[in-house]
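An overview of the molecular structure
The residues making up each chain are set out below.
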Amino acid sequence: MLTTETLPLPRLRVRGRSFMALVVAPELPLAGWMAALDAQMRDVPGFFSNRPVVADLSAVAAEARDDLAMLLEGLEMRNFRLVGVEGAGEALLAGTRWGRLATELHGREIFDAMYGDRPQTPESQASRPKSPEPEPPGPALANSLLIDGPVRSGQSIVFPEGDVTVIGAVASGAEVIAGGSLHVYGALRGRAIAGVNTSGEGRIFCRRLEAEMVGVDRLYRTADHWGADLHGRPVQVRCDRGTLRLTALD
Amino acid sequence: MSLFSFFTRNRSAPVARDRLQVLLAHERALDGRGDLVALLQQEILAVIARHFPIDQEKVVVKLDRGQRVSTLEIDIEMPDEVSART
Amino acid sequence: MSKVVVVTSGKGGVGKTTSSASIGAALAKAGQNVVVVDFDVGLRNLDLVMGAERRVVFDLVNVVQGDAKLPQALIRDKRLETLHLLPASQTRDKDALTEEGVERVIEGLRERFDWIVCDSPAGIEKGATLAMRFADVAVVVTNPEVSSVRDSDRIIGMLDSKTRRAEQGEKIEKQLLLTRYDPARAARGEMMKVDDVLEILAIPLLGVVAESPDVLTASNLGCPVTLHDPASPAAKAYTDAARRLMGEALAVRVPTEKRGFMERLFGRKAAAA
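Because the structure is a prediction, the values reported are computed rather than measured.

Definitions and limits used
- Residues numbered from 1 in each chain as written.
- Chains lettered and ligands numbered in written order.
- Predicted model: local features only at pLDDT ≥ 70, side-chain atom pairs only at ≥ 80, totals over all residues.
- Heavy atoms only, no water.
- Helix = DSSP H or I, 4+ residues; strand = E, 2+ residues; numbered from the N terminus.
- Buried < 20%, exposed > 50% of the residue type's maximum accessible area, 1.4 Å probe, protein only.
- Contact = heavy atoms within 4.5 Å.
- Areas by Shrake-Rupley, 256 points an atom, 1.4 Å probe, with all protein chains shown as cover.
- pLDDT = per-residue confidence, 0-100.
- Buried area = accessible area lost by both parts, 1.4 Å probe.
- Salt bridge = Lys/Arg side-chain N within 4 Å of Asp/Glu carboxyl O.
- Polar contact = N/O pair within 3.5 Å; in protein donor to acceptor, adjacent residues only side chain to side chain.
- Core = buried A, V, L, I, M, F, W, Y, C linked by side-chain atoms within 4.5 Å.
- Pairing = 2+ DSSP bridges.
- Axes fitted to C-alpha atoms, helices over the stretch in contact; angles between N-to-C directions.

We now examine the overall build of chain B. If you tally the helices and strands in chain B, you get four helices and two strands. Of all 86 residues assigned to chain B, the portion counted as buried reaches 20%. Contacts in chain B between residues far apart in sequence, at least 24 positions, make up 42% of those at least 6 positions apart. Total accessible area on chain B stands at roughly 6500 Å², and carbon and sulfur atoms take up 57% of it.

What follows concerns the confidence of the model for chain A. Averaged over all residues, the pLDDT of chain A is 77; the fraction at 70 or higher stands at 72%. In this model residues 110–140 of chain A is a low-confidence stretch, pLDDT under 50, and it forms 37 contacts with partners more than four residues away in sequence or in other chains.

Of the residues lining the interface, 23 residues belong to chain C; the matching set on chain B comes to 24 residues. Interface area for chain C against chain B, summed over the two sides, is near 2100 Å², with a carbon-plus-sulfur share of 51%. Ranking the residues of chain C by area buried against chain B places C:Arg54, C:Gln72 and C:Asn220 at the top, with a combined share of 31%. Counting across the chain C and chain B interface gives three salt bridges. A salt bridge links B:Asp64 to C:Lys78; the shortest N-O distance between them is 3.7 Å. At the surface where chain C touches chain B, the tally comes to six residue pairs in polar contact (both at pLDDT 80 or more). At the level of elements, α4 (70–73), α11 (213–221) and α14 (261–272) of chain C are the ones that each hand at least two residues to the side of chain C that touches chain B. Take the side of chain C that touches chain B: its biggest share by element is four residues, from α11(C).

Residue and element names in this part refer to chain C. Residues Phe-39, Leu-86 and Leu-109 are the most contacted members of the largest nonpolar core, which totals 53 residues. Aside from chain neighbours lying at most four places away, what touches Phe-39 is Leu-60, Leu-97, Val-102, Ile-106, Cys-118, Asp-119, Ser-120, Pro-121, Gly-127, Leu-130 and Ala-131. If you look at the next biggest cluster of nonpolar residues, it comprises 40 residues, including Val-14, Ala-25, Met-50 and Val-137.

This part takes up the sheet that holds strand β7 (residues 173–181) of chain C. Adjacent strands of a sheet form backbone hydrogen bonds with each other and so pair up, either parallel or antiparallel. Residues and elements named next belong to chain C. Strand order in the open sheet made by the eight strands is β3-β4-β2-β5-β1-β6-β7-β8, with mixed pairing throughout. The sheet terminates laterally at β3 (75–76) and β8 (205–210), the two strands that pair on one side only. Two strands pair when backbone bridges link them, and strand β2 (residues 34–38) and strand β5 (residues 115–119) are joined in this way by five bridges, in the parallel orientation. Along β5, the bridge assignment pairs Val-35 with Ile-116. Packing against the sheet, helix α10 (residues 194–201) makes contact with β6 (137–142), β7 and β8, and its axis sits at approximately 150 degrees to β7.

Further remarks concern the interface of chain C and chain A. Every contact between the two is made by 12 residues of chain C and, on the other side, 13 residues of chain A. Summed over both sides, the interface of chain C with chain A buries roughly 960 Å², with 37% coming from carbon and sulfur. Between chain C and chain A we count four salt bridges in total. Measuring nitrogen to oxygen at the nearest pair gives 2.9 Å for the salt bridge that ties A:Arg152 to C:Asp153.

So this is what it looks like as structure tokens:
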């Protein structure tokens, strides 16, 4: 009794989005690298969750070609959301689940992947293919970003070009990543990383330290490391001779 | 504060329970199928539309679901030519 | 000029639907033409709180999909003729609500009403983002409790980026409504104080509603507390909030502990023992 009309086709919208992916670069021996990764992840369990991850297999593709699929399987089991594979030709992964991921990914290196205080052993240095000379730390970056207002939970500020200043609090569940230094004129409650492009020269300053995690360059600490003593106080975070130092400013 | 009001309990919970019993009886009966009353309304309007054009804006539908009896009220403003004929 | 108000929170169960109904009713009582819209997809709540659950024929999705015209879906409140309800759909189809469809409905409502109060579902998915998409004002409902505050902060961030107004470079007015506040627990240091929440969320305060049995009673009876028991503290708080929304510069009264006769009697006994 009721007639139906054909509905018009929906209008498709295709949007562009840019985001930062993390690059993990496994090294030989694979078992040892996996064990080290598991230890790191126990320390900061949420770090990789919900982030797109690219696996850079250039250090292992040649010697461990038979194990590549298993390696990627292992990463997926640890809830790494793999969106791409680098450093391994398509042929190496053809026929596996990962074949379609091994295509050319064009992206701009933002900073070195974060591994925390990993010692550079001679073995790992030798097995890594010749990478270009690391750039010497340049002069202090001239660009700076001013955020006039709080950084809300869920927001992510990534500014590798220089310093970041926040006039307000950085909420729990927010993160700020600065190429140079980070100045927070308010409470720092979320996650903050400074100095990603100044090789350890950057610092974090905040009016009240209530952060979940802070880091400078490749070194980071979570809240249970610095304890109740510094909590709630104005604090400076810097990298001092290869170690992360947090000092109260009051 | 009187002693009486101290001992009188808040009586709104039974009202809530009764409202929910009527409502959920209807919702469980739907069981994924369309609402019979809404379907009836569509069909009735379709029948009437065969006899004269209906302005959807001039149709008012009121529904009241009861425990044993539900009432569906449909008000349609008939065009002048039609009411003159009847 | 009609105003679209979204009542949102992020966290579930903090009092969005109760607040939407109470504030909507208060605005209507003040003579304004008001419609409250339930933006949940799949779970209907506003109709129950307003006492209209037996009269729902068509809903928001029906209007969006063209099965019904707006006037057919609107349900007039039996107690206040300037108060209407547009119920939510019981569909399980998450894609039933489209941005274009919602925009058409909101434009249609703007022609008929002074205030369009959008009751947002919890979370940050489609129902919540569509509820805030076309809003002029946002009422962020928060309980003085850590996860509620963090979720509200997330929602505030989204209000500043995912609304039409934000995309067009305009400001969306955000106001904080603190609900389920317990003055006794706040005084004992067991619950966050109003200032603590304000310091973290950094938006102006619309009102503070203390935890109260009157709200539960009103919900049981299907009548917004501002209509059922206007003299109750909760109703007064909501009525004041409505006045502030209408532009009145009314100072916010933070509820304090109020000890009744019986509590004082037993309290003294406990101290003596």
